[in-house]
Amino acid sequence: MPLIYKILTAVIAFTGCAGLVITSQMNPLMLIPGIGLIPGYVRFWKGMPHLSRWTIGGLSITTLLLFIVDALIITGDMFIAVAHLTIVFQAIKSFDLKEPWDHLQVYFMSLLQLIIASELTRSVAFGAVFVVFLIALVTAMVISHFLKEGTIKRIRFRGPVIAISILTLIITTIFFISAPRTRGSIWGKSRTKNIKTAGFSERVDFGSFGEVKLDPTIVMRIEILSNKAKDTGSTLYWRGRTLNFFKGIVWGDVSREKERIEKQDGLFVFKPFSPERTVIQKILLEPLDSEIIFGLGNIAGVEIESRNLFVDNASVVFVQDKSPRRLSYTVYSVIEELPADDISNYHLQLPPRSERIEKLAAEVTKGMNSDLKKASGIEKYLKANYTYSLETSPPREGITPIEDFLFNSKKGYCEYYATAMALMLRSVGIPSRMVTGFIGGERNKYGGYIIVRQSDAHSWVEAVIDGRWKRFDPTPPAPFPEMPSLFSLYLDSLRMKWYRYVVSFSSSDQRRLIEYITLPLVNIPEMHEVRVYGVRTIIYFLIAISSITVIIFLLKQFRFRRHGFITENYLKFKNSLKRKGGKITLSSTPSDVVKEASRIGIKGDVVEFIRLYETARFGGRKLNAEDEERYKYLKKNLTTRR
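Just so you know, these numbers come straight off a predicted model, no measurement behind them.

Rules behind the numbers
Counting from 1, residues in each chain are numbered in the order their sequence is written. Only residues with pLDDT of at least 70 get local features here, since the model is predicted, and only at 80 or more are side-chain atom pairs given and counted; chain-wide, interface and lining totals rely on the full set of residues. Working from all heavy atoms in the structure, the side-chain values ignore hydrogens and water. Here a helix means four or more residues in a row that DSSP labels H or I, a strand means two or more in a row labelled E, and each is numbered from the N terminus. The span expected for a helix works out to 1.5 Å for each residue beyond the first. When a residue's accessible area, from a 1.4 Å probe over protein chains only, is under 20% of the maximum for its type it is buried; when over 50% it is exposed; and in between it is partly exposed. The term polar contact refers here to a pair of N or O atoms within 3.5 Å; inside protein, the definition further demands a hydrogen-donor-capable atom paired with an acceptor-capable atom, and it admits residues adjacent in sequence only when both atoms are side-chain atoms. Only one rule defines a salt bridge in this text: a Lys or Arg side-chain nitrogen within 4 Å of an Asp or Glu carboxyl oxygen. Here a strand pair is declared whenever DSSP counts at least two bridges between the two strands. Throughout, a contact is declared for two residues whenever any of their heavy atoms are within 4.5 Å. Here, axes are lines fitted to C-alpha atoms. For helices the fit covers the stretch in contact, and angles between N-to-C directions go from 0 to 180 degrees.

Quick word on helix α5 (residues 78-93)
Then comes step 1: Taking 1.5 Å of rise per residue, 16 residues should cover 22 Å, and α5 covers 22 Å from first to last C-alpha, within 8% of that figure.
Then comes step 2: For α5, the complete set of buried residues consists of F79, I80, A81, A83, H84, T86, I87, V88, Q90, A91, I92 and K93.
Then comes step 3: Sitting at the head of α5, D77 places a side-chain oxygen 2.9 Å from the backbone nitrogen of F79.

Quick look at the structure:
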């Protein structure tokens, strides 16, 4: 067995295991047996003896027991336990590679590992591992074919490997682009973990104190596709949830009514809008533990692969049954403030013992004769007289956190500033509410998009001014965080392209691509996302199976120079004998073939046909043109006999 074939088997085994490791969801303890792959394949390359049958059997039984303990106790997750089991299997198999079937088991197990990994990660590194797996698998199957034919030493297989690898990748790409887009996964739910929202939250709680750590985890990547973004102001506010009821420590939303919006021509429209007054944002949202659709200001429409969206009376948009997966959607925001059609008593509600806050608000707004001046005055007062700090201390007994912020510590972060302003506005009769979301972001010059991180989570205030909800931000500028390196920005631009054009490739993208190719020849109907759980796994499996099928087909169709046609015609003759009742197996020798041909009544030309085959195959010389024609004639004559 050639060393290159042994190396390819090892590469395929390692790619399968690597696909699971890069998910970062494997238990480190359960990865320890995987180290056995290294000594196992080193022994295999050097031709050292295999482990005994009893040793392999004992290890297999131990692995099964370990799998049960893993599924019930260590991880408590059957899906992850199966992933661990495949790694241990690969390690054991590296010490027991004897027959060709053993190599096929390694290939199949690696494919299973990559299917499992596809449910646990969307990393661009996984895409690279999958490509390496496909190329290594193609190469291994081509070499396996030549080994079976006995022509491995006489055939240059570099050309076939390159040609079939390229064709396999092309077919895989076409299959990926044309396959129906699905929602769901193997087990009917996504295995991708949510990002815990340390900054953004759908409720604000002042019950914990200490230092707040800035989290650089990326939450959104946003492309702004219109030049109207400058009309939104110098700072971008990615609006999330509104909160209207404050209990002294916790903010909440008591207006839970939501209206279902139906999709119209591929777009969810919440209010009429015109393109010239619209800021278009294409957003790739990471898996957050929230159902909120973020966007700039007044969201008028959303384009997303979902059947329904919901909107509450504060114009907050929610996606239906959001699974923990990345969302790719387009937001259409209009450049105008929201009408105050949803004012209620809650927007003037104050918690008990707010007298000191009411007195301070009255002092700050003294002499101001309009709501706008009062709101702007409170905003300027908080910015000028308080210090931004991520570290807070518990207040003295009998004092609320906001009172402590306003009258004692005079330092805090955005939630303290926004809460203080909302309560002061309510104290002077101006309806207000807290808004949570994200602010600003970092422009990636390599991709031309904006990166929004957890550390950009922010809270601000909306107050009713002249019948509309106007935004106020009383928080002074925070210290600038450490800037990422140019290299990290470049890598993130690659991830953005991977997520956008591979992971998040949707039915809308399919339609646009087909329209680009066919317009103006064909009118393409709307293509909907297929909501069938488990189909994505079937697609991955079909990609691999179709690729393998193509490889086998092409290998059968290749007509290689020198001795290629000799073996091909010999095998066809063997198959014809088998169909006519001959006892022919894969291990049948040329002598066995002659005997079986004689037994079923085929004589004469068989001996000459076999002599020419053995001369070309084992005689070390090439048949001349006359012998080649004679050989073809004999084969045709023998296979057509009844």
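Brief notes about the environment of N575
Then comes step 1: Structurally, the position occupied by N575 is in helix α16 (residues 564-579).
Then comes step 2: Taking the C-alpha atoms as reference, N575 lies 9.3 Å from T585; in sequence the two are 10 residues apart.

Here we look at the pattern of salt bridges
Then comes step 1: Scanning the model with the defined rule gives 11 salt bridges in all.
Then comes step 2: E442 is the partner of R453 in a salt bridge, and the nearest nitrogen-oxygen pair spans 3.3 Å. On the criterion of sequence distance, the pair formed by R453 in strand β22 (residues 449-453) and E442 in strand β21 (residues 442-444) is long-range, its members being 11 residues apart.
Then comes step 3: Judged by relative accessible area, R453 falls into the buried class, the value being 16%.
Then comes step 4: The network of salt bridges with shared partners includes R239, D342, R433 and E462.

Re the sheet that holds strand β1 (residues 204-205)
Across a sheet, paired strands are connected by hydrogen bonds in the backbone, their directions being either parallel or antiparallel.
Then comes step 1: Taken together, the 3 strands give an open sheet; going across it, the order is β1-β6-β5, and neighbouring strands pair in antiparallel fashion. Unpaired on one side and paired on the other, β1 and β5 (245-246) mark the two borders of the sheet.
Then comes step 2: Relative to strand β6 (residues 250-252), β5 runs antiparallel, the two being bridged by 2 bridges. Of the residues in β6, the one forming a bridge with F245 is G252.
Then comes step 3: Where helix α12 (residues 414-427) meets the sheet, its contacts fall on β1, β5 and β6, and the angle it forms with β6 comes to roughly 70°.

Considerations on the sheet that holds β21
Then comes step 1: Strands sit in the order β10-β14-β13-β7-β8-β12-β15-β9-β3-β22-β21 across an open sheet of 11 strands; the sheet is antiparallel. The open sheet terminates on both sides in strands that have one partner only, identified here as β10 (292-293) and β21.
Then comes step 2: Relative to strand β9 (residues 278-285), strand β3 (residues 218-224) is paired through 5 bridges, and the arrangement is antiparallel. Bridge pairing links M220 to L285 in β9.

Quick notes on the environment of D70
Then comes step 1: Mapped onto the fold, D70 is located in helix α4 (residues 53-74).
Then comes step 2: The class of D70 is buried, set by a relative accessible area of 1%.
Then comes step 3: Note: C-alpha distance between D70 and I80 (10 residues apart in sequence) is 8.7 Å.
Then comes step 4: Each residue touching D70, except ones within four places of it in the same chain, is listed here: M30, T75, G76, A81 and H84.

Quick look at helix α11 (residues 401-409)
Then comes step 1: The set of residues buried in α11 consists of P401, I402, E403, D404, F405 and L406.
Then comes step 2: Packed against the buried residues of α11 are β5, α9 (355-364), α10 (371-385), β19 (411-412) and α12.
Then comes step 3: Phi for K410, located one or two positions after α11, is positive at around 55°.

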